[in-house]
Every structure is written in C-alpha cells, then in structure tokens.
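A closer look at the structure
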Amino acid sequence: MHALYYIAKGQKTLGPCSKDDLRNFLAYGSIRDSDLVKRDDDEQWRPVSTLLELHAEGQVIADGLTVRPSRRRVARYRDYNRVPYNQRGGAVMRRMILGFLLIPPLLWWAAVSLYSDHIFRKKKDENGYLLVWGRWVEVLVTIMIIVNAVAWWMAVTYASWILGPGLHELMKGMGEAMDVIKGLIHDMSPK
C-alpha cells in the first residue's frame, strides 16, 4: 500500500494525496518546498523539502540533509477527454498511418507531437492516471519517416522516368501555345 500525505498550506490542511500528487504539486508550483507535509502514519509536520522519498532523483544541497527537487513539468491526466487533441493516442496514430500511406505532412505532424509531448493512451495505471506511449515509438516514427521519404523519392523518380518523354512533349506543346498567344497579343496591339 502506498503512503498517503497531508499538506498544510496556511490555515488549511489538504489531503490525503499520493507521492505522485506531491511531485505534481511541486512541479506546477501549487505547493512550495517550505510548505509543511506529513505522512499519514507520522505525527510531526515538516517542510516538503525534507521528504527524501519525494526527491530521490533531486540534488542534495550543501547541508546534506535537504534535497532540492529536479522539476520537470509533466501534465498527468485522469480523463482522456481533457487531454489536448495533439497528445491523444488515437489522433496521433491516425496521423501516423495516413501520413505514412498517403499524405506525408500528417506523418511529420504526428512526429512533432510525439517528439515534443507525451502521448496519452486511454488505459490507466494503478493510481488512475492515463498511461503514456513508450519512448520506443519515437524510434519507430523516425524509421517510418525515413522509409516514407525513400518511398516517395523512388515514386517521384519512377514517375518522372515513365512520364519524362510525355512531359517533354507536353511542355513543348505548351511553349508553342504560348507563342501563338504572344503572336495574337502582338497582332492586336496598336502600332
């Protein structure tokens, strides 16, 4: 069972909340290092900055006792409908597939979403938060972009090779048509 925490902010006591909730509150500035917190099994209130289990990945300050958290703003959602559209797994997956098969800019758009944000799934973890796609998907999308670029390059090269003589004749005919139009304009202009 996970420990539950209570937060004292001014005259209010907030809680219970999980360790992940405390990390999110710190990341978003909802609580400060100086705010008081206590575990549900403790009786003594102490500053958030002294909770070693909360800041295990942080940096130890000079006195060796307190820890400064390494803050990284990461939004966590419980409701899929509140996730921004560009971070929804279904939307990004559709862009990946359509972009790979038909319209490359959609693949690039999906890649931008994937490389810059977390992409959320509808499935939840044990705390009720939505799960995110793994980082291996970035590698997959990078490979998809490379394969897509090579495939389009080959298709354009093949089309120009097949249509090349026909395109040459078409361009020659358009040039002759432009010469006729120029001649007509020249004949109609006052002398």
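The structure this text deals with has already been given above.
Below is a summary of the structure that appears in this document. (Residues numbered from 1 in each chain as written. Predicted model: local features only at pLDDT ≥ 70, side-chain atom pairs only at ≥ 80, totals over all residues. Heavy atoms only, no water.)

Digging into the pairing of strand β2 (residues 12-17)
Pairing geometry for strand β1 (residues 5-9) and β2, over 4 bridges, is antiparallel. Its bridge partner being in β2, Ala8 is matched across the sheet by Thr13. Linking β1 back to β2 in an antiparallel pair, the connection comprises 2 residues, with Gly10 at a positive phi of about 65°. (Pairing = 2+ DSSP bridges. Helix = DSSP H or I, 4+ residues; strand = E, 2+ residues; numbered from the N terminus.)

Digging into the environment of Leu14
Positionally, Leu14 belongs in strand β2. Residues Leu14 and Val37, spaced 23 residues apart in sequence, show a C-alpha to C-alpha distance of 9.3 Å. Residues in contact with Leu14, not counting those within four places in the same chain, are Tyr5, Tyr6, Ile7 and Lys9. (Contact = heavy atoms within 4.5 Å.)

Here's the deal with the packing of aromatic side chains
All told, the structure shown has 1 aromatic pair when counted by the stated rule. On the numbers, 5.1 Å between centres and 90° between planes, the contact of Tyr77 with Phe120 is edge-to-face. Linking Tyr77 in the loop between β6 (67-68) and α2 (89-101) with Phe120 in strand β7 (residues 120-124), this pair joins segments that are 43 residues apart in sequence. With respect to class, Tyr77 is no different from Phe120; both count as buried. (Phe/Tyr/Trp six-rings, centres within 6.5 Å; stacked < 30°, edge-to-face > 60°. Buried < 20%, exposed > 50% of the residue type's maximum accessible area, 1.4 Å probe, protein only.)

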